[in-house]
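Inside the fold
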Amino acid sequence: MQLVYYGKKVRVRASFLMPNRTIIGLDVGGTKIRAGAVSSRGRLLSSVKIPTEASRGKAVVLENIVKCVRSVWQKDVKAIGVGMAGIVDHEKGVYRQGPNLPADFKNVPIAAILRRKFHVPVRVDNDVHCFTLAEVKFGAAKRFSSVVGITLGTGIGGGIVIDGRLYRGRDNAAGEVGHMTVVSAFPARCGCGRIGHFEAYGSGSAMRRLYRTLAGVTKEPVEVEKAAKSGDAKAKKAIRIMADGLAAGLANVIHVLNPDIIVVGGSIAAVDILWKPALASVRDRIVYPELKKTPIVRATLGDDANVLGATLITDAL
């Protein structure tokens, strides 16, 4: 865009002329809910995080979602984007189901509920779709056109971008890598109840369950990590089993999709004692030499990724 300034034409960025507007991004997971107010230029203005309280049922989870939005609400909010762990009908704005939310949290019209409360447009999508879009636009995958995003949190989720566009599949379920079956010598149960899923070996819940199975006591993931570093044999075995399962899952993704890059986020990705042996093992599992060169990197946006990505699905930025 050009303007005339004292007889000279000057180029002005269109975004400079746009009115300020705020989009709220919401990240709803099995453990926590995070909301952020994001400017029209993609800058996080404020954020809040509260427990999901999934064990208390559907009504409480919905109350917490609304509470999170209210905590960051501003008078110039133009839209709300919501990323949720599980299967989402993004066209209707309905959350279908997921393994880490209450059993009765199915076919919930999230978009309609929030529109009635806040009177702005609302879009809903899978949370790791949002994560992947954010890392492609703002983060570790900015220079790449075909990207797989994976988050290792309470569960494991995935998102796929092909030639710069989000690939959804028939039911918007493309990227549910957490529920592919991986081969491991240790039979572990996924959050969905099935045996041997990727999520049963590479998630925070997996670390907790594996250690409890091996040691007979419960430790949170951060405690298992500390115990392994201190020489606890059971913790070290849990980490070895997880590294093996994580490597198998990543190798499967590379063989099936041959992406330009895999970006991995979530709290478990930060566990070096797991991350480094898993990456080393991935290369051994890949058949073709060229595929061994596939970059596997940690996400760069941290906790902001899902929130920023949720604003991108609104098309309001």
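All of the points below concern the structure found in this document. (Residues numbered from 1 in each chain as written. Predicted model: local features only at pLDDT ≥ 70, side-chain atom pairs only at ≥ 80, totals over all residues. Heavy atoms only, no water.)

**Considerations on the sheet that holds strand S14 (residues 296–298)**
The 5 strands lie next to each other as S12-S11-S10-S13-S14, forming an open sheet whose pairing is mixed. Each edge of the sheet is formed by a strand with only one pairing partner; in this case those strands are strand S12 (165–167) and S14. Neighbour-to-neighbour, the strand axes of the sheet open up by a mean angle of 30°, direction not taken into account. In the packing of helix H8 (residues 233–257) onto the sheet, the strands contacted are strand S10 (147–152), strand S11 (156–162), strand S13 (261–265) and S14, and the crossing angle to S10 comes to about 160°. Sheet strands in contact with helix H9 (residues 272–285) are S13 and S14, and its direction is about 165° off that of S14. (Pairing = 2+ DSSP bridges. Helix = DSSP H or I, 4+ residues; strand = E, 2+ residues; numbered from the N terminus. Axes fitted to C-alpha atoms, helices over the stretch in contact; angles between N-to-C directions. Contact = heavy atoms within 4.5 Å.)

**Here we look at the nonpolar core**
Counting residues in each nonpolar core, the largest one holds 44 residues, and the members touching the most others are Ile-150, Leu-152, Leu-250, Ile-262, Val-264, Leu-274 and Ile-296. Secondary-structure elements contributing two or more residues to this core are S10, helix H5 (199–202), helix H6 (204–215), helix H7 (221–229), H8, S13 and H9. When residues of this core are assigned to their parent elements, the largest contribution, 13 residues, is made by H8. Those residues in contact with Ile-262 that lie beyond four places of it in its chain are Val-148, Ile-150, Leu-250, Val-253, Ile-254, Pro-295, Ile-296 and Val-297. Core analysis: the next-biggest nonpolar cluster, separate from the first, contains 31 residues, Ile-24, Ile-33, Val-72 and Ile-80 among them. (Core = buried A, V, L, I, M, F, W, Y, C linked by side-chain atoms within 4.5 Å. Buried < 20%, exposed > 50% of the residue type's maximum accessible area, 1.4 Å probe, protein only.)

**As for the packing of helix H4 (residues 127–137) against helix H10 (residues 304–312)**
H10 packs onto H4 with a crossing angle of 90° between their chain directions and a minimal axis gap of 7 Å. With respect to H10, the element H4 is oriented roughly perpendicular. Of the residues in H10, those touching H4 at Asp-127, Cys-130, Phe-131, Leu-133, Ala-134, Glu-135 and Lys-137 are Ala-305, Asn-306, Leu-308, Gly-309, Ala-310 and Leu-312. For the contact of H4 with H10, the per-class residue count stands at 8 nonpolar, 2 polar and 3 charged. (Parallel < 35°, antiparallel > 145°, perpendicular 65-115°, else oblique. Nonpolar A, V, L, I, M, F, W, Y, C, P; charged D, E, K, R; others polar.)

**Brief notes about H4**
Counting buried residues in H4 gives 9 out of 11 residues, a clear majority hidden from the surface. Taken as a whole, H4 has its buried residues at Asp-127, Val-128, His-129, Cys-130, Phe-131, Thr-132, Ala-134, Glu-135 and Val-136. In this structure Asn-126 caps H4, since a side-chain oxygen of it lies 2.8 Å from the backbone nitrogen of Val-128. (Polar contact = N/O pair within 3.5 Å; in protein donor to acceptor, adjacent residues only side chain to side chain.)

**Section: the pairing of S13**
Most of S13 is tucked away: 5 of the 5 residues are buried. The two faces of S13 match: Ile-261, Val-263 and Gly-265 on one face and Ile-262 and Val-264 on the other face are all buried. Two elements, S10 and S13, share 5 bridges in a ladder whose sense is parallel. When the sheet's bridge partners are listed, Gly-149 is paired in S13 with Val-263. Relative to S14, S13 is paired through 3 bridges, and the arrangement is parallel. Across the sheet, the residue bridging to Val-263 is Val-297, located in S14. Since S13 and S14 lie parallel, the crossover through H9 that links them has a hand, and here it is right-handed. (Right-handed = clockwise from strand over helix to strand, strands pointing away.)

**Digging into the pattern of salt bridges**
This model, assessed by the stated rule, comprises 10 salt bridges. Asp-125 is paired through a salt bridge with Arg-168; the nearest N and O atoms lie 2.7 Å apart. With Asp-125 in strand S9 (residues 122–126) and Arg-168 in the loop between S12 and H5, this residue pair connects regions lying 43 residues apart in the sequence. In this structure Asp-125 comes out as buried when scored by relative accessible area, which is 1%. Two residues, Arg-170 and Asp-171, come together in a salt bridge whose shortest N-O distance is 2.8 Å. (Salt bridge = Lys/Arg side-chain N within 4 Å of Asp/Glu carboxyl O.)

**So, the sheet that holds strand S4 (residues 32–39)**
The pairing of strands in a sheet comes from backbone hydrogen bonds and takes either a parallel or an antiparallel form. The 5 strands are arranged S5-S4-S3-S6-S9 in an open sheet whose pairing can be described as mixed. Lying at the two open borders of the sheet, with one neighbouring strand each, are strand S5 (44–51) and S9. Neighbour to neighbour, the strand axes of the sheet diverge by 15° on average, direction disregarded. As paired elements, strand S6 (residues 77–84) and S9 share 5 bridges and run parallel to each other. Of the residues in S9, the one forming a bridge with Gly-81 is Arg-123. Against the sheet, H10 makes contact with strand S3 (22–28), S4, S5 and S6, and its axis sits at roughly 125° relative to S3, the strand it touches most.

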